[in-house]
Amino acid sequence: MIRKLRRPAILTVLLVATVVPTVYEPVAKILFPFESAYVYPRIPMLQLLGQHVVLSGIATAAAALVGMLVGIIVTRPRGVSLIPLVRDLAALAQTVPPVAVLVLAVPLFGFGTKPTVFALFLFSLLPILGNTITGLQQIDSGLLEASTAMGMRPWRRLVLTELPLAAPVIIAGVRTAAVISVGTATIGATIGAGGLGVVIIAGLVRDNLAFITAGALSAAMVALLVDWGFQMLTDRFIDLSS
Amino acid sequence: MERAGNAPIFLSIIPAFVSVFLQFVILRPNRIADGTGYRLLEFGPSAAAWALLLLPLAGALLFVVLGAPGSPTGNNSPTGKWSPTGTCSPTWRLGILALWSVTVTVLPWLLFQRGTAVLTQRGMIGELGRVTPGAGFWLLLLSALVGWHELSRVSRVSQNRSQLVFPVAAVTAFVLVALLVVQPAFRSVSYVVEYTVRSERFIQALFEHVLLSGTAVGLACLIGVPAGMAAYRHPRLRETILDATSTIQTIPSLAMFGLLIAPLSTLSRAVPALRRAGVSGVGVTPALIALTLYALLPVVRNTVTGLLVVPLEIRESGRAMGMNRRQLFRMVEVPIALPVLLGGVRTAAVQAVGNTTVAGLIGAGGLGWFVFQGLGQAATDLVVLGVIPIVILAVLVDRLFGVLQRISNHGRVEVEVAG
Amino acid sequence: MIRFTDVSKAFGAVQAVSELTLTVENGTVCVLIGPSGCGKSTTLRMINRLIEPDSGTIEVDEVALRDYDPAELRLRTGYVIQSVGLLPHMSVWQNIALVPRLLKWTRNRRMDRADELLDLVGLDPATYREKYPRQLSGGEAQRVGVARALAADPPYLLMDEPFGAVDPLTRGVLQQAFKEIQARLKKTVVLVTHDLDEAMFLGDRIAVMKEGRLRQFGTSAELLIQPADDFVADFEGTDRMIRLLNTVPLKSLTGWNGTGSPTLRDALNELLQSGSATVYVVHPDGRGEHLDFEGIRRMVKP
């Protein structure tokens, strides 16, 4: 148990070290003695962290909702004809870099948080939608028939049989989406969305290594922590079903 | 068996209809101004006539494809209710779908040209003025995309002779569009304007981009394939290697670049020899290192999976035949593992093209430079000029490796493992 | 009671079931048997409306099927399939109590019922109730499947090759267990199998089908003594008379050590094995007698 917690502990410590000025400042002074400033002055790091998490969180949550909904609709008898189209569209969209979507959202929404959330939403949608479809389709048809034959109506069958069995795959999709969200939100700083990327960019502009490292390290830690969190969730689920 | 559902066809027809009511052409006096949009119907009678052509064609499509009300269907509907699988013969269906797809592909370009011509006639495009395609244009293109997808799917399922329909229709559309695009009217398209202004820089950026991503993938293969083989041979090592590469993948690209800048800067400052060699804190060095690291995971993971996928029986027969280690590797393991490995390289390459965009932020050049310059100046045309080639590049790379995969697999069904 | 009247079903160009007319009386086991593709599974699945017939009527309790709400109908019809279909993410007791859950029974009532049924199918509740399907052997899973089908005490039970996926030894045990349960519960059962021995052991009446048509419907004795046509005769195999012996039950047989009740075939076997001239049997009506070869022969070919 303790061994399992070793990793998130390290990640959290590093995150805290970069985000809390009283901890970071002395450390940075030692590492980069030649810099003029050590802690990003304009906005407190904690606030940027909050923005970052909220941005990617909202986008991923919305994508999860819509993605699962569409995935469910498309796997119902009436929507089956749409599956090849959705699949191929998703495959094509996979080749588009997240940055491109982010940047192309600007002409539509202007700068700031709106295009970022939109782009993150769109990009999170794909893995979730794809995994929902795969997860629901790979269920043994014998189990589905047994459920119907038992007297379950379509809605009950979805809730009692299909979703629990598809859950591990769907969660894997949400995990991928969450990690991509957090990653792309970092670049969102370039279109004025706030978040930890702001510190990195400020560091690049001012040629300040302390800023760059603070921003980069904290962003990396957030991403790794989110990934670890989902890993724990998936492990729980695998224990339950399989 | 593929269901002949009509939902995709609806998805193709509806955007086409909606596009008529949206802006088709946006005229902007210079790079930054927002400009005014013009709808299809404002281009005069000939444009309206085009729109009217759309409607009956779509109607015919709907009728023929959906079938008349009350027509009996097969299977499971003894009550004879109207069910949208239609009584249309497959060949007619194919033909009409092909006609629709070609029309909807060529139409937006025709209409765009018409719009530009009208605006030029009215003398509204000044010296710095440019024309940008509007929502209507993109929506029609979306319609076309869905239509083509449906056509390729249906023609694959249908009989032998109809196998020709898709390629013929595709080539026709392509030729027609190419003929339109080379016309002088298109010179005032905003993206073309931007390009002509800085074409040298563009080509340089394109070159940098390809070089950077290509080198990264190449290095990743050089390091990754042996690493993968080591991981395969020593299961104890496997978990560590896979865990490490997967951790790297989780880190956001900009953060990764950032994390490398500090140590590299310090290093190059401390060791002047390195600095003279070109290693520095920002620019190509951290970008290349980061890109290579990112490309490692797909390559390593797929090398391991590819080798694992070789069936035990085949391995044993090889050994029973008297093959030594090297022969076994060359004649058995490599041919079977190769398609999987290529799949990994494919993923790595596509991701690399995307990640190289961000490299533009830290001064490594590439098409990302255009993107972020455009963002900084709030000039969306510049941004699009950077982004579209990146997307096209990514798709091309993906398709190319897909072909390579299929060749290495001797035409069998694609083996897609890992990500 | 289940009644088929002129029921037909086609899949594309293939006629799966043609003009099937047949009645299953309450409390009896009707076995549908025939070669692959004869339409027996299709017929079964038309009863709980997993498949809809093209023409003809199926009535359950004098009411036409299409007048029933499909889900309601299925809640009252137990369904057991070869692959069992236990939901892997639910425990054994949760699987068994699924239909009661759909019927909105309270949790306690459901748990009690699950224990009751585990007992009925011969599994110790304390050991099995919290297990998960992947922890069960083939035979155990099949028993749980039957328990699940019986959970809401449905009047009807549909079974599609329920014992096909286990080894022959387990199959025999399960068949015996089923026979005992049926003797207790007296459900109306329709069972599909391709195994004639199983059909004759479990079925009160047997429907032999070929290529969608009903060839003969009757008791095992009727089928063996008077096969309706060559197909039925061939289907029964060249050892028809031996099978016929197997359909005559005895109350007891001296020298016999098997499980369940002995049959006339066991008597013949005992006769050959012991080397004596006669064996002593007790008929179900209590009458005892010594049987020799001639006596046995007279019992089946009067």
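Above this note sits the structure.
Residues numbered from 1 in each chain as written. Chains lettered and ligands numbered in written order. Predicted model: local features only at pLDDT ≥ 70, side-chain atom pairs only at ≥ 80, totals over all residues.

J.: What is the right way to look at the overall build of chain B in this model?
T.: From N to C terminus, chain B includes 15 helices and three strands. By the burial criterion, 41% of the 419 residues in chain B qualify as buried. In chain B, 74% of the contacts between residues at least 6 apart in sequence involve partners at least 24 apart. (Helix = DSSP H or I, 4+ residues; strand = E, 2+ residues; numbered from the N terminus. Buried ≥ 20, exposed ≤ 12 C-beta atoms within 10 Å, placed from the backbone. Contact = placed C-beta atoms within 7 Å.)

J.: Is there a simple way to think about the nonpolar core in this case?
T.: For soluble globular proteins, the rule of thumb is that nonpolar side chains tend to be buried together. Counting 137 residues, the largest nonpolar core has Val-103, Val-199 and Ala-220 of chain A together with Ala-287 and Ala-295 of chain B as the members making the most contacts within it. Of all hydrophobic cores here, the second largest spans 85 residues; its members include Ile-33, Leu-86, Leu-157 and Phe-178 of chain C. (Core = buried A, V, L, I, M, F, W, Y, C linked by C-beta atoms within 7 Å.)

J.: Could you clarify how one ought to interpret helix 8 (residues 168-185) of chain C in this entry?
T.: Working note: α-helix, 3.6 residues per turn, so residues spaced by three or four point in the same direction. Residue and element names in this part refer to chain C. In a regular helix each residue adds 1.5 Å, so 18 residues correspond to 26 Å; helix 8 covers 25 Å between its end C-alpha atoms and thus fits that length. Its buried side turned inward, helix 8 meets helix 7 (138-150) and helix 9 (196-202). Once helix 8 finishes, Lys-186 follows within two positions and takes phi at roughly 50 degrees, a positive value. (Expected span 1.5 Å × (residues − 1).)

J.: What should I look at first to understand helix 9 (residues 253-270) of chain B in this one?
T.: Relative to the 26 Å expected for 18 residues at 1.5 Å per residue, helix 9 of chain B spans 26 Å between its end C-alpha atoms, a close match to the ideal helical length. The element helix 9 of chain B is largely enclosed, with a buried count of 13 among its 18 residues.

J.: What should I look at first to understand the packing of helix 7 (residues 199-233) of chain B against helix 8 (residues 235-250) of chain B in this one?
T.: Each pair of packed helices can be described by the angle between their axes along with the distance between the axes. Residue and element names in this part refer to chain B. It is the contact of helix 7 with helix 8, at a shortest axis distance of 6 Å, that shows an interaxial angle of 140 degrees. Comparing the axis directions of helix 7 and helix 8 gives the class oblique. Contact residues: helix 7 offers Ala-227, Ala-230 and Ala-231, while helix 8 offers Leu-237, Arg-238, Ile-241 and Leu-242. Looking at the contact of helix 7 with helix 8 residue by residue, the classes come out as six nonpolar, no polar and one charged. (Axes fitted to C-alpha atoms, helices over the stretch in contact; angles between N-to-C directions. Parallel < 35°, antiparallel > 145°, perpendicular 65-115°, else oblique. Nonpolar A, V, L, I, M, F, W, Y, C, P; charged D, E, K, R; others polar.)

J.: How should I be thinking about the environment of Val-181 of chain B in this particular structure?
T.: Residues and elements named next belong to chain B. For Val-181, the position within the fold is in helix 5 (residues 165-181). Counting along the chain gives 71 residues from Val-181 to Leu-110, while the straight-line C-alpha distance between them is 9.3 Å. Discounting chain neighbours no more than four positions away, the residues touching Val-181 are Trp-109 and Phe-186.

J.: Sorry if this is basic, but what is going on with the interface of chain A and chain B here?
T.: Where interface size is given, it is often the accessible area lost as the parts come together that is meant. In this complex, chain A contributes 38 residues to the contact, which on the side of chain B involves 38 residues. Counting residues per element, the ones that place at least two in the side of chain A that touches chain B are helix 4 (83-94), helix 5 (98-109), helix 8 (154-187), helix 9 (197-206) and helix 10 (209-240) of chain A. At 11 residues, the largest contribution of residues to the side of chain A that touches chain B is made by helix 10 of chain A. In terms of residue class, the side of chain A that touches chain B is made up of 27 nonpolar, nine polar and two charged.

J.: Explain the pairing of strand 1 (residues 23-28) of chain B here, please?
T.: In regular strands, side chains alternate between the two faces of the sheet. All names here are of chain B. In terms of strand pairing, strand 1 meets strand 2 (residues 36-39) through four bridges, oriented antiparallel. Bridge pairing in strand 2 places Val-25 opposite Tyr-38. Examined bridge by bridge, strand 1 and strand 3 (residues 130-133) share four bridges and lie antiparallel to one another. What sits directly across from Arg-28, in strand 3, is Arg-130. (Pairing = 2+ DSSP bridges.)

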